[in-house]
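Chain and residue survey
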Amino acid sequence: MECCELTFNEALAIQPQMQPCAAPLNQRDFLSIAPHLQLQQQQMMMPALNHREVLDLELPQKDLLLDHREVLDLERSLDHREVLDLDDRVPQRPPQLPDYFACSNECYVPLQDRQGMSLDEDALIESAEEVDFEPASQSNPYEAEMVDTASEPAAQVSNTESNSDLRQHSHGTELMCDMDAEQDAYVVAQQKLLESSFQPSLPLSAIAGDDQRGSCEDLHSLPADVNCACIAYATAPAKVPTTSTDKGNLISKIEARRRAKRSVEDRNIRIFFSSTFKDMQEERELVAKKVMPEIRAQCALRGVTVNQVDLRWGITKEQSESGNTISICLSEVDRCRPWFISMLGERYGWCHSENEKDELLTKTFANAVAKFPWIMKYTDRSITELEIRHAVLNASQRERHALFFLRDPHYVHKGYDSSDFAECPGSAAAAKLLRLKGEIRCHGNTAVDYGTPGDFVNLVQQQMLSLLNEDFPKSVAPSPLARERLAHDAFARSRGNIYVGGENYVFQLNCFIATQQNLPHPQPIVVLGDSGMGKSSLLSHYARRFEEEHRDIFVLEHYIGCSGLSTDLGKMITRIINEIIDFFELQDRVVPADLPGLKEALPEYFLEASRRGGMLLITDALNQLEDRDAEELQWFPARLPPNVQVVASCLPEGVSAQAVQTRGWRTLLIHPLDENSCCQIISECMKECSKSLSYSQMERIVNTPQVVNPLFLRTFVDEIKVHGKFETLDLRIAQCSHARDIPELFGLVLARIEGDLQRAVSSSVGPCLVLTYLARRGLTEGEMMGILGLSQVAWSELAIALADLLDSKSGFLNFTHDYVRQAVVTRYVTPATTTLHRKKLISYFRDMSVCARSCEELPFHLQQGAYFDELAACITNTTIFFMLVEEEKFDLYRYFRACSTQPTPAQRLVQRVRETCQGDFKKLHTAGKFLQDMAFYVEAEALLKESLAVTLLNFPATHPEVANSKDALGYLYRLQARFEKACPLYEDALQTRRREFGEESQEAAASMCNLAILYRKTGKYDKAEPLYVGSCAIRKKVLGIYYPETGMSENGLGCLYQDQGKDKQAEEHFLTALNIRERCNGPNHPDVAMTLTNLASLYLAKARYDESERLFTRALNIYENVFGENHPDVAHTLAYLAGVYVEKGRYLAAKPLFERAIAIKTTLLGQKHPEVAQSLSDFGVLYSRMRDYDSALSLYRQCLAIREEVLGMEHPDTAQSMNNVGAVLASKGDFTEAERMYLQALHITEAKFGKNHQNVCQSLLKLASLYQRQHRPASDIEPLYRRALDILRQQYGEVHPDYALCLNDLAVLKFNSGRAAEAEALYLQMLRVYEQLFPPREDQQMHPDLARAHKNVAAFYAAVGNVAEAQRHSTLAATA
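Given the structure is predicted, the values throughout are model-derived calculations rather than measurements.

1. A closer look at helix H56 (residues 1297-1312)
Taking 1.5 Å of rise per residue, 16 residues should cover 22 Å, and H56 covers 23 Å from first to last C-alpha, within 8% of that figure. Within the sequence span of H56, burial applies to Pro-1297, Asp-1298, Tyr-1299, Ala-1300, Cys-1302, Leu-1303, Asn-1304, Leu-1306, Ala-1307, Leu-1309 and Lys-1310. Gly-1314 lies just past H56 and shows a positive phi near 85°.

Right, dumping it as structure tokens:
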């Protein structure tokens, strides 16, 4: 007997052998027995209590109950503002004491905020900025607006002490004669199990420094080999203050959710209509054509799925002759409970006549008696009466959902034989009918008399609507979120109800959850096990237990694979976020509509849950998520906030399991069944049908290797239970035992089902299962019947046969297990059947009126079937488009990208929107912004211009809506570098908003920021700075510092200062913007990528190459995940990353990135766009470094031509191109033309920035180098070098490659001037700079720039006759 079965007195009686309790104890229970227990026993039982409860105990040794690390965690929590109300009672535990429930040898600590900023601000961003960067020493940040977001594999330190999988354990399942021996064995087993089950956490040093504070680099310094969404909770979140009333409301809310779960299937109702056939044809016709359409409409308003079951309609002679009529009818009555509607006239129904037995009816009774033995008492009754008795009369209590409508006996329908309407007076059938009606009236159920079929329609509608209003009031109709919740609750219910045993696993989960309760960063635990091992059942059962024992904690269950949509990562995250918003009543929250945005938002909503009491998230089957990134857990936060705990499951092998191991999550392995467990399960299953197996049959099953898997065993036994002939039972057992795996066993089940069904129905088994396999979300029963063309009776027979393989509790038919899907694929799915049935699905949903259901399925199947022309027509149907852009925007992106038709989907959309949305400026704007996000700029411009025109027709020119339209069109022009068109639009919008909303309004600040960006892009820095500063001040004052728009202003200021060479101020503003944006939007939002790019370009200019590469790589991952591989922002970042590779000497890695960037930009922006020029210039840098001057000159000249034409002769970027062209000309020996280029660039730069700008330094260096190569006097050259050195020292310090190059060039000048001693000092100073910049690599190879420096020094020493030094430096240079 296990401890969880003992009373407290029994537990006290066996104190020396006391083991950890599997059933959690509350504080009072623990306190009642703790004084009688030894310290070790107290510690074993403590996990069920939280730390506060332990501290409240009146025990002399209470300070020893807490692990010393847990004490530290409590103290740390106080430091991080986590309100624990400990009243200075935190015990100090000696560190040498044993740790029975410690998580690991190390623990998580929170990353500290860089600047101590709070996490309270959150909002949505509407616009953003760009950076324009030159990967040489000069950088020109640009800005870009992002609408969608992307996931980015930020890093987490991998575990240095990774444990292997859980070892096999003996759990003491056999009964022992000696009680003490049993308890001793159990204690030892449990302690070993705990020690081996939990893997160590991340090391403290990997998360933060000794002071537990992190810098901005800490956010991105975790190893890149771990892919996960990462958010740093700067402090333990301050809890939202709660009162006793708040807590009571919380518990009431949880109780309401539990009640909803208990009635989860009630919103998927089936209504059984029972009557005789010939006399009720008119009523049945009215039910089908008048009653049910109204009922379905009313159910739809209430979020209820309704199915009508009318088996007597259309039963063929073949179906009747099968002898299964009674079995089918009564089975359907069971499936429809509690809904049952009976119509009775003066006919009794099919029964034996007074004089002879009906052979077919006898056969029908015989076939049904095994399943419904009670019918043997009523073999002389009609099938109609059997239906009524099974539904109502056999029960002792009244069923309010059972309605009886009794027609006036005097009603005789004209045109029908009166014998069809009534039994012969005085016949036995008439007497039985009279007795049946009397019994119905006496039973207490609703019995309504009516005169004519017309009266019947009104009465049945009134009664059914009355029941619907009671069960499903319109006021509480479920939202889409609630309907999705019902689907998961239905799945959990189906799994939890059949859970047997495994209390040991529940105990381990309880222990782990208890150890994580008050940690600053709780760690998830993942249940590992092969398919069919009972992971879903364990999680469902544990969720029920946890809810019962922790009535004030929000529990959210998500079962991946429970429906067709549940495997979609975006929809899963959407549901988790919406559930948090709904439960904690978070107001005015807008959930991102795209996957990257959802990934970024998830950590913030976990934080909100943490601040409001916490939650337990149970996520089943991580391995069933659709894409690899999802399986790799990139979407899951690297760290959870306090009070947010996660229990998940996945297969022990595969991508998800590897990700779990890499991230160091704890694991709990589900072990195969042992022989005793197998025998117990077999016996219990056979008892359900009052059958038993012989010893040899039992032995044959148990000796089948695959039965150690619970699903295989249960399927095996269920298949035996339905076998009809005992004489052939051994043969069936042998057939099943030869199945190599679960899919093959399900294949045998499918073959048996096909053989059991009559041909007309069995031929539909394969099509039904293939349709289920193909459907995106699954199919309703009505959809399945419609597609297959099955009658109700045929479908009922098929559905009953497939009941163990198909589940419809959520309202949609889906496989009960993935192994069923695999068996279906093996047996039925071929290219031919896939094409055939996909066409059927397309045809069915195409013919359906446009609704959420058709939008969900139709474009999906068109894409999957590669019907791209029809897909383009479908998604550009404006009704479908606007429904998808609101609900399924992420899917819509995918559909647009899939179509390569002519005209393009974008062109079709423009035409359709113009045709159907004339005068609707909002729809024109929505469609235009969508096309802009997809980089269809020409089409976007057409719609945004039309939107502005419509707005001007409907509002005064000074109306805010007009300002919004002008902003939208101006932004599009800014993206296209059409600044002259964008500027007046932005200026008008700013004036309108200042006039309408005030000078210091949020709206005015937004316009100021937009116009500042434009001025900066056109080099008007004097106009841009006051706008940036002003917008930032307004936003901090009105919104607060932690708001996306404040982050945008900070980022813009950083860009502006970087343009002006004020790098220190630029870095400060970039870091502030990054902090704000990560806090507000998560770490993987495009706005974060934008600031990362700006900061990376700044670091590149400052020769901080590793930091720059890491940030550019992270930004690239974000952009690619948001917009795909062909988007301007992807191209920008590719070019920047290639520039880093050039600076690091990785030329071969840089070349393909440049080529890809130029191809993307040229395709999307045109050949004369400044961004194309930028990438051409960057590519030229590569060829210059590779000494391919002809190629470099060609690229630089192309860049210069574009900039002169588009930006003008006085633009800084034009000057930069002149410097680049001059440098290549000088390398080729064309000194005269090179000097002209340098002087012109110097003049432009000094006029724009003043005489101490870094761009001026570049021109000075290039000019000095040219003069030196022309052998000009040293007196003309040295002042240029000295001035350049002063600028570089001021801008970057002395450890910078440009400073080293300048030293080298000045040393050459000194040497050529005969001043060797001065030259030597400069050479050695230059060498020291390079050695600091490029320390030795792991491969012992030297950086090319350092090698060139050694070569120069070697050449110098050789020239002055110092052979030894020359040889030494030459040897060092050779290692490059």
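From this point, the narrative continues.
2. Here's the deal with the sheet that holds strand S7 (residues 554-559)
Sheets are built from strands paired through backbone hydrogen bonds, the pairs being either parallel or antiparallel. What the 5 strands build is an open sheet, ordered S7-S8-S9-S6-S10; its pairing is parallel. Looking at the sheet topology across the chains shown, the edges are occupied by S7 and strand S10 (666-669). The sheet shows a mean angle of 15° between the axes of neighbouring strands, taken without regard to direction. Across the sheet, helix H16 (residues 503-516) lies against strand S6 (525-528), strand S8 (615-620), strand S9 (644-650) and S10, angled at about 170° from S10, the strand it touches most.

3. Remarks on the packing of aromatic side chains
Tallied over the entire structure, the rule returns 26 aromatic pairs. Taking 5.9 Å as the distance between ring centres and 45° as the angle between the ring planes, the aromatic pair formed by Tyr-542 and Phe-546 counts as tilted. With Tyr-542 and Phe-546 both in helix H17 (residues 535-549), this residue pair falls 4 residues apart, about one helical turn. In terms of burial, Tyr-542 and Phe-546 fall into one category: buried. Here Tyr-1323 and Phe-1356 contribute two aromatic rings whose centre-to-centre distance is 5.1 Å and whose plane-to-plane angle is 45°, an arrangement assigned as tilted. A residue pair is termed long-range when its members are at least 10 positions apart, and Tyr-1323 in helix H57 (residues 1316-1333) and Phe-1356 in helix H58 (residues 1344-1360) qualify at 33 residues. Judged on exposure class, the residue Tyr-1323 and its partner Phe-1356 are both buried. Three or more aromatic residues link up through ring pairs in this structure, and these residues are Phe-881, Phe-882, Tyr-893, Phe-896 and Phe-930. In this structure, Arg-894 is placed above the aromatic ring of Tyr-895, and the distance from its NZ or CZ to the ring centre is 5.7 Å. Taking NZ or CZ as reference, Lys-923 lies 5.2 Å from the ring centre of Phe-882, over its face.

4. Some words on the environment of Gly-345
For Gly-345, the location among the structural elements is in the loop between strand S3 (340-344) and helix H11 (359-368). On the basis of relative accessible area, Gly-345 is assigned to the buried category, the value being 1%. With 63 residues separating them in the primary sequence, Gly-345 and Asp-408 have C-alpha atoms 7.2 Å apart. Once residues lying within four places of it in the same chain are set aside, the contact partners of Gly-345 are Asp-279, Met-280, Arg-407, Leu-433 and Lys-437.

5. Here we look at the pattern of salt bridges
Scanning all chains against the criterion turns up 70 salt bridges. Between Glu-346 and Lys-437 there is a salt bridge, and its shortest N-O distance comes to 2.8 Å. In this pair, Glu-346 is assigned in the loop between S3 and H11 and Lys-437 in helix H13 (residues 428-443), connecting sequence segments 91 residues apart. Glu-1143 serves as the salt-bridge partner of Arg-1185, at 2.9 Å between the closest nitrogen and oxygen. Of this pair, Arg-1185 sits in helix H50 (residues 1170-1185) while Glu-1143 sits in helix H48 (residues 1128-1143), and the two are 42 residues apart along the sequence. Arg-1185 gets classed as partly exposed once you look at its relative accessible area, which sits at 26%. A residue is classified by how much of its surface remains accessible, and Glu-1143, at 9% relative accessible area, is buried. Overlapping salt bridges bring together Asp-380, Arg-381, Glu-385, Arg-389, Lys-432 and Glu-439 as one network.

So, how was this worked out
- Residues numbered from 1 in each chain as written.
- Predicted model: local features only at pLDDT ≥ 70, side-chain atom pairs only at ≥ 80, totals over all residues.
- Heavy atoms only, no water.
- Helix = DSSP H or I, 4+ residues; strand = E, 2+ residues; numbered from the N terminus.
- Expected span 1.5 Å × (residues − 1).
- Buried < 20%, exposed > 50% of the residue type's maximum accessible area, 1.4 Å probe, protein only.
- Pairing = 2+ DSSP bridges.
- Axes fitted to C-alpha atoms, helices over the stretch in contact; angles between N-to-C directions.
- Contact = heavy atoms within 4.5 Å.
- Phe/Tyr/Trp six-rings, centres within 6.5 Å; stacked < 30°, edge-to-face > 60°.
- Lys NZ or Arg CZ within 6 Å of the ring centre and 35° of its normal.
- Salt bridge = Lys/Arg side-chain N within 4 Å of Asp/Glu carboxyl O.

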